Amino acid sequence: MYLWVAAPDGLPSLTWALELLELGLVVAPGSFFGSEGEGYVRMAMVPALDDCHRAADGLAGALSDRQVHA
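All of these numbers come straight from a predicted model, not from anything done at the bench.

(A) Structural context of the packing of aromatic side chains. Tallying each qualifying case throughout the model produces one aromatic pair. When the ring centre of Y2 is taken as origin, the NZ or CZ atom of R42, which lies over that ring, is 3.8 Å away.

Now the structure itself:
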């Protein structure tokens, strides 16, 4: 899930993204997505790495169980 969050005090999106990066938060400046994104950052709300590994393993298992029909 993605959140679009307005930069505080009218900061440019890249400026705020770099400030957040210094705090250990990785976000995408809205300006990377076009002029309409300026003034916002995009935050991805993602599960923990272990949960991602479990999901990938489950998907790999599901795909290997499928039979391809020609």
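(B) Structural context of the environment of P29. Relative to the elements of secondary structure, P29 occurs in strand β2 (residues 28–29). C-alpha of P29 to C-alpha of H53: the two residues are 24 residues apart in sequence and 27 Å apart in space. If we skip the residues at most four places from it in the chain, P29 touches S13, L14, A17, Y40 and V41.

(C) Representation of the nonpolar core. A7, W16, A17, L20, V27 and V41 form the largest nonpolar core, which has six residues in total. Ranked by the residues each element gives to this core, the list is headed by helix α1 (residues 13–22), at three residues. The residues touching A7, leaving out its near neighbours within four places in the chain, are W16, G39 and Y40.

(D) Representation of the pairing of strand β3 (residues 40–44) in the model. One ladder, built from five bridges, connects strand β1 (residues 2–6) with β3; its direction is antiparallel. Bridge pairing links Y2 to A44 in β3. Bridge analysis of β2 against β3 gives two bridges, and the strand direction is antiparallel. Bridge pairing links A28 to R42 in β3.

(E) Seen up close, the sheet that holds β3. Read from one edge of the open sheet, three strands run β1-β3-β2, paired in antiparallel fashion. Where the open sheet ends on each side, the last strands, each with one partner, are β1 and β2. Strands in contact with α1 are β1, β2 and β3; relative to β3, the strand with the most contacts, it is inclined by about 45 degrees.

(F) View of the side chain of S13. Mapped onto the elements, S13 comes out in helix α1. Judged by its relative accessible area of 0%, S13 is buried. Once residues lying within four places of it in the same chain are set aside, the contact partners of S13 are P29, G30, S31, G37, E38, G39, Y40 and V41.

Cut-off values and rules
Residues numbered from 1 in each chain as written. Predicted model: local features only at pLDDT ≥ 70, side-chain atom pairs only at ≥ 80, totals over all residues. Heavy atoms only, no water. Phe/Tyr/Trp six-rings, centres within 6.5 Å; stacked < 30°, edge-to-face > 60°. Lys NZ or Arg CZ within 6 Å of the ring centre and 35° of its normal. Helix = DSSP H or I, 4+ residues; strand = E, 2+ residues; numbered from the N terminus. Contact = heavy atoms within 4.5 Å. Core = buried A, V, L, I, M, F, W, Y, C linked by side-chain atoms within 4.5 Å. Buried < 20%, exposed > 50% of the residue type's maximum accessible area, 1.4 Å probe, protein only. Pairing = 2+ DSSP bridges. Axes fitted to C-alpha atoms, helices over the stretch in contact; angles between N-to-C directions.

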